[in-house]
Amino acid sequence: MKLRLMRLGAAFLAALLLLGCVTTEGTAPSRAESGTLFAPGEVIALAPDAGAAARVRAGAAEAAFDLIEEVPLAALDLRMLRFDYPETLDGEGAIALLEALDPTVSAGVNHAYRIAALDEAEGFDYADALLAWPAGGCRTVGPIGLLDTGVDPARVGGPGEAIVARSFVRGDGVPAGHGSDVASVLLNPDRVSGARIYSAAVVEGTGPEAGLASVDSLIEGLDWLAAQGVRVVNASLAGPYNKLLDRSVQQAVRGRMTLVAAVGNEGAAAPPRYPAAFDEVIAVTAVDANRRVYRKAGRGAHVDVAAPGVDIAIARGGDIRFVTGTSMAAPFVTARIATDPTLYGQPAARIRSTLARSTEDLGPPGPDPTFGAGLVRAAPDCAR
């Protein structure tokens, strides 16, 4: 059984966890750490103030270092000094000398950093390869619903007639960025064909509620999607338990609707987020190209399956951008259900069971609170 929080009876706002840039975390490298150098023969020092910078500058000059530039980093409250070091030293020796001049200074060689994507199409295709998605894609069985921001057809790149939109926000502004990213996954012609998306915009774009979806908007959106005959709905948003949303979801499910929801990006210690934590909803977590869980993904017994959600390539015009989050993993599972005639419009329990039989187990043997049943795989006989 899935986790359930105490049903309090008060109405809440469901906070949309929009995607953003992912910051890089890591431990401090050793002085002898290998790597490609951007400029061999250079070393960089970071000083906390002008006095430390002056001491390093003077000592480096005595040791035959050539100062290339000194740059004040006001926002970081640092000063950066870049040197050419003498040929009698290697990079490790140059670092040691500069750091010995002042204990508050950090020094390092000038490493090169590449864009964190694979070369050519391999980086763009990793998600489909990980899912074993059939070449040429699959045809959707029926329409797909979105509970999200609005969707801008121009940003998605699909045909305008493939998107039917209605707004349920209270304010005037209807943001479209996040919903467009999710729709881009669902309308990718290499992945699906014949897709028709019903976009219920439930996220406010202006005022103090910007970025939030109210429970009443979610309920109205569910009602509209059900009226359109939509049988699978992607909900890349998360928030607290609400008994009104609970009841509405149960009503939608009785009408043969399946909801697929992201588990949220609040980390392993966060409580279960809804609608993903409802028993009637398929809860999706995110993994990267190496099958590692996204570090901010929620955990818990309610997690059903995992799908690619880290550095997902989104085409926009002639550009490619990369987005990360559990909200980008959910539409891969939605696409999996929408292209399988044996799953579209079926109860969540049956879908959960069918998906579990074909997943790639990750983590400890069997279902676990990090990956659920494991990595989703495409239907062996999807609709064509």
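Preceding this section is the structure that the text describes.
Everything numeric in this text was worked out from a predicted model, so none of it was measured. (Residues numbered from 1 in each chain as written. Predicted model: local features only at pLDDT ≥ 70, side-chain atom pairs only at ≥ 80, totals over all residues. Heavy atoms only, no water.)

Caption draft 1: Fine view of the pattern of salt bridges. If you walk through the whole model with that rule in mind, you get 13 salt bridges. With a shortest N-O distance of 2.8 Å, E42 and R82 are connected by a salt bridge. Of this pair, E42 sits in strand 2 (residues 42–47) while R82 sits in strand 4 (residues 78–84); the two residues are 40 residues apart in sequence, bridging distant segments of the chain. The same class applies to E42 as to R82, namely buried. Sharing partners across several salt bridges, the network here consists of E42, E69 and R82. (Salt bridge = Lys/Arg side-chain N within 4 Å of Asp/Glu carboxyl O. Helix = DSSP H or I, 4+ residues; strand = E, 2+ residues; numbered from the N terminus. Buried < 20%, exposed > 50% of the residue type's maximum accessible area, 1.4 Å probe, protein only.)

Caption draft 2: Inspection of the state of the cysteines at higher detail. Following the criterion strictly, the structure yields one disulfide and no others. Across the disulfide from C138 sits C382; the S-S distance is 2.0 Å. Handedness of the C138-C382 disulfide follows from its S-S torsion of about -80°: it is left-handed. Here C382 lies in the segment after helix 9 (348–358) and C138 lies in strand 6 (residues 138–139), a separation of 244 residues in the sequence. Residue class for C382 comes out buried when judged on its relative accessible area of 8%. (Disulfide = S-S within 2.5 Å.)

Caption draft 3: Molecular detail of the nonpolar core. Counting residues in hydrophobic clusters, the biggest one holds 56 residues, and the most contacted among them are V260, I282, V284, I312 and V333. The greatest single-element share of this core, amounting to eight residues, is contributed by helix 8 (residues 326–338). Each residue touching V260, except ones within four places of it in the same chain, is listed here: V232, V233, N234, A235, V281, I282, V284, A330, V333, T334 and I337. If you look at the next biggest cluster of nonpolar residues, it comprises 30 residues, including F168, V202, A277 and V281. (Core = buried A, V, L, I, M, F, W, Y, C linked by side-chain atoms within 4.5 Å. Contact = heavy atoms within 4.5 Å.)

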